[in-house]
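Topology and contacts: notes
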Amino acid sequence: MTEDISRRSFLKLAVQGLVAISGLLALDGLRRYLSFKPAPPPPKRFEIGPESDYPPGTRLVLPEIPAVLIHDQDGYHALSLVCTHLGCVVERQVDVYACNCHGSRYDKSGKVTRGPAIHSLPVFQVERNQDGRLVILKG
Amino acid sequence: MPWWKPGSLSEDEAWQLTAYLLRSNSLLPVGEELAIDQANFLAVHLPVRQVQDERGWQIILVGTLSLAAVGLYSLGKRTLIGRVNGSISNQNEGSARLKQPARPSFFHHLHPPSIPLPQARWRYTLGAGGLAVFFSLVVVVTGILEMFFYIPTPEQAGSSIQVISYSIPYGMLVRGLHFWAAQALVVVAVIHLLRVVLTGAFMPPRRFNYLLGLGLLVIILFLDFTGYVLRWDEGIRWALMVGTNLLKTIPVVGLALYGFVVGGEAPGLATLNRFYAWHIFGLTLFLIAVGVWHLFRVRRDGGIATPSPELRSDSRRITRDELVRREVLAMALATGGLILAATLFMPPIAPPISDPPTILTEEVRAPWFFLWIQQLLRHGGAFWMGVGIPLGALVILILLPYINKPVPDDQRGRWLPRAGRLAQIIAIGVVLAWLALTVLEMLE
């Protein structure tokens, strides 16, 4: 009798365990299924044309990146125009950058002058490829 | 022209454009003029199908509905029944039809043979719960109609909305009804929530149904937001960006959640497809399932909250027929109002999302029901302002029936019972804060 009950309870336990394991396996499958990203990641390299298009003193807004290309005595670099708060594109006003979504302000060099943003606008590296064209490396 | 701003070209500009197109295709010799006086004999610049030429019919529809409402209103004077010495006396001229059918249907479940008069009054219920049901039905029906023509791709979303609005007979009405019923749904849901808290009806035995109702409010807000995004125009671009980037700020699961919602590293085709699927299927399924459950629980919990019979000052009741009459009256008025709103105010549509983004120069606005979050986000860390505080407000509302002291039987079924003070103050505070933040953001 006792042997019979323990056999039954063993079977019950085994069934419960197997169902639980199957469920976990299925959940992991679902997690992997859902984490697939159908869209390709956005590009990280932007070719922006020959150096001669950007003489010293240039501060040009490039909306497709979006960034400002700066050519000063330190050479070329690009300042991102994506607000570090929640991703809106900031507007360039004379010498500051303003986000119209939540009112963040950045100075000329991209430093936060008014919240809610905490981090400065990132600076992208600018390279010259073998044809003498400029390439902005994002991130 | 352009299609998101119909009527913005003058007649003369339209003619010049036509002439230009003809000339570019070598159909109009150089030097020949094309002008408005040629309209009679030249079939190249026909007037577009008269925009909104259904408006007349829509106004007539509002008229017939209003007349029907007047009729329904005047039908309602003699359908009261009273309870005298515990037995029901029928004050009607006709029969009150108080018998319950042998197997009550869902309709009969929701409409008992009679319900107490004081708690059936407009000034008690505000009609808000019933209107929410009705607006949900309108949204589902018009949404199905829109699905016949709406195309959920970034290239075609805007122009298919354009086709719905300007080419399909009554298309503007269908879209307008869908839009206005969806906005009204948020408003009546909040009014219903306030009514339930301010009359003490959120306490047990109706506590569980109160929680279901809060769930419905959240589902409605998600439905409104996903529907708003389906426009896929410059008007929704930044709200979508902010809304999805907020997900990233959630610790641990944020990035996975972002991938699940957006389907990539930036909003795009996959995002539109997912929002469409959630809007027309996933969330709608939740809305219907939880909504039917919520309705079912109303009766299961004893109907609308009332004191027990011996404590009632007014023991009169209204019949099922009278209840249905009032519901139909409310529906007629609401339909008329919706058609009027849809006829007079076109739902917004802006130029399709351009790539690369046009640099933001204008002010950016969240949809009106999320303006309060936009205002909050100006004042602190993105996670706490955009996720923490809204969730906190929800938790406070969930906790109301747990922190408030029980509402005694004799205080049930009326406005502002003394035992419900704490919850009343908190709920009014939450709604006032919501309104204040919304107004502040509108003034930015």
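These numbers were taken from a predicted model, which means no experiment stands behind them.

Remarks on the confidence of the model for chain B
Residues and elements named next belong to chain B. When pLDDT is averaged along chain B, the result is 87, and 89% of the positions lie at 70 or above. Scored below 50 in pLDDT, residues 90-97 shows 14 contacts in the model against residues more than four places distant or in partner chains. Overall fold confidence (pTM) sits at 0.87, and the ipTM for the predicted complex is 0.86.

Thoughts on helix α8 (residues 171-198) of chain B
Along its 28 residues, α8 of chain B runs 40 Å from first to last C-alpha, staying within 8% of the 40 Å computed at 1.5 Å per residue. Within two residues after α8 of chain B, Gly 200 of chain B carries a phi angle of roughly 75 degrees, on the positive side.

Looking at unusual backbone geometry
Here the bond from Ile 65 of chain A into Pro 66 of chain A is cis, since omega is -20 degrees, no more than 30 degrees from zero. In this fold, Pro 66 of chain A is placed in the loop between β2 (59-62) and β3 (67-72). A cis amide bond links Gly 115 of chain A with the next residue in sequence, Pro 116 of chain A, at an omega value of 5 degrees. Structurally, Pro 116 of chain A can be placed in the loop between β8 (112-114) and β9 (123-128). You will see that Leu 126 of chain B, though not glycine, has its phi angle at about 60 degrees, which is positive. Note that Leu 126 of chain B resides in the loop between α5 (122-125) and α6 (128-147). You will see that Val 252 of chain B, though not glycine, has its phi angle at about 65 degrees, which is positive.

A look at the nonpolar core
Core analysis: the biggest nonpolar cluster contains 100 residues, and Ala 78, Leu 86 and Cys 88 of chain A together with Phe 135, Ala 181 and Leu 185 of chain B have the highest contact counts within it. Per-element accounting of this core gives the leading share, 15 residues, to α8 of chain B. Dropping the residues within four chain positions of it, Ala 78 of chain A is found in contact with Ala 67, Val 68, Leu 69, Ile 70, Val 123, Phe 124, Val 126 and Ile 136 of chain A.

A few points about the sheet that holds strand β4 (residues 75-80) of chain A
All names here are of chain A. Spatial ordering of the open sheet is given by β1-β10-β9-β4-β3-β2, a layout of six strands whose pairing is antiparallel. Pairing within the sheet leaves two strands with one partner each, and these edge strands are β1 (45-50) and β2. Averaged over neighbouring strand pairs, the angle between their axes works out to 25 degrees when direction is ignored. In terms of strand pairing, β4 meets β9 through three bridges, oriented antiparallel. Its bridge partner being in β9, Leu 79 is matched across the sheet by Val 123.

Observations regarding the domain arrangement of chain A
By domain assignment, chain A separates into domain 1 (1-36) and domain 2 (45-137). Computed over C-alpha atoms only, the centres of domain 1 of chain A and domain 2 of chain A are separated by 55 Å.

Points about the sheet that holds strand β5 (residues 91-93) of chain A
Two modes of strand pairing occur in sheets, parallel and antiparallel, and in both the strands are linked by backbone hydrogen bonds. Residue and element names in this part refer to chain A. Spatial strand order, β5-β6-β7-β8: four strands in an open sheet with antiparallel pairing. Both edges of this open sheet fall to β5 and β8, since each of them pairs with a single strand only. As paired elements, strand β6 (residues 96-98) and strand β7 (residues 105-106) share two bridges and run antiparallel to each other. Note on β7: the bridge partner recorded for Ala 98 is Arg 105.

Conventions used here
- Residues numbered from 1 in each chain as written.
- Chains lettered and ligands numbered in written order.
- Predicted model: local features only at pLDDT ≥ 70, side-chain atom pairs only at ≥ 80, totals over all residues.
- pLDDT = per-residue confidence, 0-100.
- Contact = placed C-beta atoms within 7 Å.
- Helix = DSSP H or I, 4+ residues; strand = E, 2+ residues; numbered from the N terminus.
- Expected span 1.5 Å × (residues − 1).
- Core = buried A, V, L, I, M, F, W, Y, C linked by C-beta atoms within 7 Å.
- Buried ≥ 20, exposed ≤ 12 C-beta atoms within 10 Å, placed from the backbone.
- Pairing = 2+ DSSP bridges.
- Axes fitted to C-alpha atoms, helices over the stretch in contact; angles between N-to-C directions.
- Domains from an automatic or database assignment.

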